[in-house]
Amino acid sequence: MNARTLFDKIWDDHVVATRDDGEALLWVDRHFVHEGSHHAFRTLDDRTATVAEPALTFGVADHYVPTLGRPMIVNQDIAGMIDRLSANARKHRFRLFDLADPNQGIVHVVGPELGLTLPGLLIVCGDSHTSTHGAFGAYAFGIGASEVAHVLTTQTLWQRKPKRMRITINGTLGPHVSAKDLALSVIVAVGANGAHGYALEYAGRAIVALSMEGRMTLCNMSIEAGARCAVIAPDEATFAWLRDRTYAPSGPAFETAMAHWRTLATDAGARFERELALDATDIAPMVTWGTSPDDALPINALVPIDARAEKLAYMGLTPGMPLADIAIDRAFIGSCTNGRLDDLRAAAAVLRGRSARVPGLVSPGSSAVKRAAEAEGLDRVFIAAGLTWAASGCSMCVGMNGDLLAPLERCASTTNRNFRGRQGPGSRTHLMSPAMVAAAVVTGRLTDVRTLPPLES
Amino acid sequence: MQPVTTVTGIACPLGLANVDTDQIIPARFMVRSRAEGYGRCLFHDLRFDAGGVPNADFALNQPRFTAAPVLVARGNFGSGSSREAAVYALWDFGVRCVIAPSFGDIFASNATKNGLLTATIGEAETEALLDLLSAKGAPEVTVDLAAQSITTGDLRITFAIDPTRRLQLLEGWDDIDLTLRHRAAIDAFKRTLASTRPWAVPTPRSAIG
Ligand code: SF4
């Protein structure tokens, strides 16, 4: 057999039928839905169709859930969205992790946490950051409402095979430099739509050295380079993460699965249409200055002098000013990019014993992350520093659940999109890692976390 | 879905690059049902200021372009979230075709499913078209899907589109109906799963379920 990439192997395992035009009908192993999937359920109603495989369909309430004052929901539109998801889950008999469920959280945090995400699976969700699950060696990608309806009805999806690109990252990340900095560096190297039409594979020593959380952060952000998906070959770290997770195979089934998962690696000599290499050792903490995720630079750089005027006007910046001079109004720590326990630990390590100059919100990526963080006292570190400790949801990543910036407010944020208005109309977002947000909270401006003066003991 | 063959009408030189779906429809409008219509939300925060006053600089607010069924944008149109409401907003506003050098992957797929044509042309051609549309009164263009051509006056540009998307638009086919014709293959595939990848079906441990 020809040498195949990791992506090819997962693809081949899912082809149900192929068409003359080259499109393949693929079997879907896991389908995650959320409140935003209501249009798709409406399509099912219009066709009087039912969900084909309720056992492979899982719902999570995340995008619209309030993170403060729960379980009371004051806003009727928001309450309606959450109720609608519950009604659809009851009607179509799939498992829903709703607002009251101990496993509620952001879909891309909950799936891996529960062992619903496994190597070798094809995973879809009506959300672009579904690429997150590729960290486990799954083919995972976001789809629109029509495709959600198609998967609900048939458990399959038509796809044209994407081209393959390998990004090899060797070297070692320095202190306080994280997967988020790696992700932003990749997006800069590739461009905001540079990976369009590609399935990415991340490889190299710096990738192997990443925690599963770090791998998820990296795959999560790959959509911001326009990629269809990103994959990382499963290894011992992957298997260790999955063992004993609620929905992961157990006992002998786990061993059988692991034997298969070990075959999920790119063969020597397999061909990639594009190859790119980065050195982790060169990467500094990154921040974005503009309104596209590829507007990112190392923290010690200056706002580009040739930046487009409308971006600078929107962001309220002057060309040539040091990024480290940008004062912030608020901070946000959370989202499917950086709302996991590792992320909260990294932020808390900076904030411990220090205090915040600006208000900030911390929303754990899942209710389980919240409990784990509280068990090790991270909530108390954030509260002592002056931040607000909230419940889990998409929160300030997306302006639809009540957590918003005011117009013109500037936020240091661990999220994934610095688009105009993403955190509320007129909001200004600077993306960075949890440690960098924590440093910005302490000084009130964008700050190189490596230069914070040590605490006096 | 109605078949799409040609789109003829005024083309609006939107000219923006990296128009993400948060610009096309801000997230706060997405609680709406489709029946309420999404047209008013299209480019809401670009079209209107905080007080709801139309922004005169925004191309679609110029009287000559308000009813344009064709938009011309720069690269990476529809990047960002998977929200199909971005396509609903364009459609409900009356847009039937977007021309740009590149599109967000999920956006282009969503567009096809709703009969919205996405025509990909080169960077230089985009600039030429934008110049032409911005200069004259309110030029009409004809986008011919079968011929994959855009014509306006003496200018003729060929555009690219994924062949399957082209066919789907031309025939107006319904994806789900088409797939259901493969039911036997789907059922057969499902049966093999038990032997090929038995671990792929989730089996919750009894404690939580
Ligand atoms: S946290 Fe943000 S990016 Fe992630 S699923 Fe929620 S809205 Fe999407």
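Source: prediction; values computed, not measured.

Things to note about the nonpolar core
Note that soluble globular proteins tend to have their nonpolar side chains buried in a common cluster. Judged by nonpolar contacts, the single largest core of 185 residues is most densely connected at Y202, W261 and F382 of chain A together with F43, F77 and L90 of chain B. It is helix α16 (residues 434–443) of chain A that provides the largest number of residues to this core, a total of 8 residues. Among residues more than four places away in sequence, those in contact with L90 of chain B are I24, L42, F43, L71, F77, V95, V98, F107 and L116 of chain B. If you look at the next biggest cluster of nonpolar residues, it comprises 21 residues, including V7, V70, C97 and F159 of chain B.

Concerning the interface of chain A and chain B
Contacts between the two partners involve 72 residues from chain A and, on the opposite side, 57 residues from chain B. Summed over both partners, the interface of chain A with chain B comes to about 5,100 Å²; 56% of that surface belongs to carbon and sulfur atoms. There are 7 salt bridges connecting chain A and chain B. Between R197 of chain B and D29 of chain A there is a salt bridge, with the nearest N and O atoms lying 3.1 Å from each other. Counting across the chain A and chain B interface gives 28 residue pairs in polar contact (both at pLDDT 80 or more). At the level of elements, β1 (15–18), β2 (24–27), α2 (38–46), α3 (76–92), α5 (145–154), β8 (156–159) and α10 (252–261) of chain A are the ones that each hand at least two residues to the side of chain A that touches chain B. The greatest single-element share of the side of chain A that touches chain B, amounting to 7 residues, is contributed by α5 of chain A. Taken together, the residues of the side of chain A that touches chain B sort by class into 30 nonpolar, 22 polar and 20 charged.

A closer look at the sheet that holds strand β9 (residues 163–170) of chain A
Backbone-to-backbone hydrogen bonds pair the strands of a sheet. The strands run either parallel or antiparallel. Residue and element names in this part refer to chain A. Pairing within the open sheet is parallel, and its 4 strands lie in the order β11-β10-β9-β12. Of all strands in the sheet, those with a lone pairing partner are β11 (229–232) and β12 (274–279), marking the two edges. Taking the axes of each pair of neighbouring strands and ignoring which way they run, one obtains an average angle of 20° across the sheet. Pairing geometry for strand β10 (residues 198–203) and β11, over 4 bridges, is parallel. What sits directly across from Y202, in β11, is I232. Across the sheet, helix α6 (residues 179–190) lies against β9, β10 and β12, angled at about 135° from β12, the strand it touches most.

Description of the site of the ligand
All names here are of chain A. Taken together, the residues surrounding the ligand are H63, I106, H108, D127, H129, S335, C336, C394, C397, V398, N416 and R422. Residue composition of the shell around the ligand, by class: 5 nonpolar, 5 polar and 2 charged. A domain split of the shell around the ligand shows at least three residues from each of domain 1 (6–276) and domain 2 (287–451).

Observations concerning the side chain of S367 of chain A
Tracing the backbone through its elements, the reader meets S367 of chain A in helix α14 (residues 367–375). For S367 of chain A, the contacting residues outside a window of four places in its chain are R70, D101, P102, Q104, G105 and S392 of chain A.

Quick notes on the packing of aromatic side chains
Residues and elements named next belong to chain A. Going through the model one piece at a time under the given rule, you end up with 18 aromatic pairs over all chains. With a centroid separation of 6.1 Å and 40° between ring planes, the pair formed by F7 and W11 is classed as tilted. Highlighted residues: F7 and W11, both in helix α1 (residues 6–12), separated by 4 residues, approximately one helical turn. The exposure class assigned to F7 is buried, which follows from its relative accessible area of 2%. Centre to centre, the rings of W11 and Y139 are 6.2 Å apart; their planes meet at 40°, and the pair counts as tilted. With a gap of 128 residues between them, W11 in helix α1 and Y139 in strand β7 (residues 139–142) connect regions that are remote in the sequence.

Re unusual backbone geometry
Phi at S335 of chain A is positive, roughly 85°, even though this residue is not glycine. Following the sequence through the fold, S335 of chain A ends up in helix α12 (residues 335–338). With a relative accessible area of 1%, S335 of chain A lands in the buried category. For N18 of chain B, which is not glycine, the phi torsion reads 50° and is therefore positive.

With respect to the packing of helix α3 (residues 85–93) of chain B against helix α4 (residues 105–113) of chain B
Residues and elements named next belong to chain B. Their axes nearest at 9 Å, the elements α3 and α4 cross at an angle of 50°. Relative to α4, α3 is oriented oblique. Classified by chirality, the crossing of α4 by α3 is right-handed. Residues A86, V87 and L90 of α3 lie in contact with α4, whose contacting residues are F107, N110 and A111. A class-by-class count of the residues in the contact of α3 with α4 yields 5 nonpolar, 1 polar and no charged.

Observations regarding the domain arrangement of chain A
Interfaces are often sized by the amount of accessible area the parts lose when they come together. Residues and elements named next belong to chain A. When the domains of chain A are assigned, the result is domain 1 (6–276) and domain 2 (287–451). On a C-alpha basis, the centres of domain 1 and domain 2 stand 24 Å from each other. Domain 1 puts 41 residues into the contact, and the matching count from domain 2 is 44 residues. Summing the contributions of domain 1 and of domain 2, the shared interface buries around 3,200 Å²; its carbon and sulfur component is 59%. Where domain 1 packs against domain 2, one counts 1 salt bridge. Between E224 and R417 there is a salt bridge; the shortest N-O distance is 3.0 Å. Our count for the contact surface shared by domain 1 and domain 2 stands at 22 residue pairs in polar contact (both at pLDDT 80 or more). The set of elements that each furnish at least two residues to the side of domain 1 that touches domain 2 consists of α4 (107–113), α6 and α8 (212–221). Across the side of domain 1 that touches domain 2, the residue classes tally to 18 nonpolar, 15 polar and 8 charged.

The rules behind these values
- Residue positions are counted from 1 within each chain, in the order its sequence is given.
- Labels are handed out in written order, letters beginning with A for the chains and numbers beginning with 1 for the ligands.
- Since the coordinates come from a predicted model, pLDDT governs what is reported: local features require at least 70, and pairs of side-chain atoms require 80 or more to be given and counted, while whole-chain, interface and lining totals use all residues.
- Think of the side-chain values as coming from all heavy atoms in the structure, minus any hydrogens and water.
- As used here, the term nonpolar core means buried Ala, Val, Leu, Ile, Met, Phe, Trp, Tyr and Cys residues forming a set that is joined through side-chain atoms within 4.5 Å.
- Burial classes follow relative accessibility: with a 1.4 Å probe on protein chains only, a residue under 20% of its type's maximum area counts as buried, one over 50% as exposed, and anything between as partly exposed.
- Only DSSP runs of H or I reaching four residues or more are called helices, and only runs of E reaching two or more are called strands; each is numbered from the N terminus.
- Contacts were defined at the residue level, with two residues in contact if any of their heavy atoms lie within 4.5 Å.
- Buried area is a sum: the accessible area each of two parts loses on coming together, probed at 1.4 Å, counted once for each and added.
- The salt bridge definition used is simple: a Lys or Arg side-chain nitrogen within 4 Å of an Asp or Glu carboxyl oxygen.
- Within 3.5 Å is the distance limit for a polar contact, defined as a pair of N or O atoms, with the added protein rule that one can donate a hydrogen and the other accept it, and that residues adjacent in sequence qualify only through two side-chain atoms.
- Three classes are used: nonpolar for Ala, Val, Leu, Ile, Met, Phe, Trp, Tyr, Cys and Pro, charged for Asp, Glu, Lys and Arg, and polar for all others, with Gly counted as polar.
- Any two strands with at least two DSSP bridges between them are considered paired.
- Only the contacting stretch of a helix is used when fitting its axis, a line to C-alpha atoms as for every element, and angles between N-to-C directions run 0 to 180 degrees.
- Residues are classed as near a molecule or strand on a simple rule: at least one heavy atom within 4 Å of it.
- An automatic or database domain assignment supplies the start and end points of every domain.
- Here is the rule: rings of Phe, Tyr and Trp (six-membered ring for Trp) pair when centre to centre is within 6.5 Å. Planes less than 30 degrees apart are stacked, more than 60 are edge-to-face, and the remainder are tilted.
- Angle categories are assigned with fixed cut-offs, so that under 35 degrees is roughly parallel, over 145 is roughly antiparallel, 65 to 115 is roughly perpendicular, and the rest are oblique.
- Handedness of a crossing follows from how the near helix is turned relative to the far one, being left-handed for an anticlockwise turn of less than a right angle and right-handed for a clockwise one.

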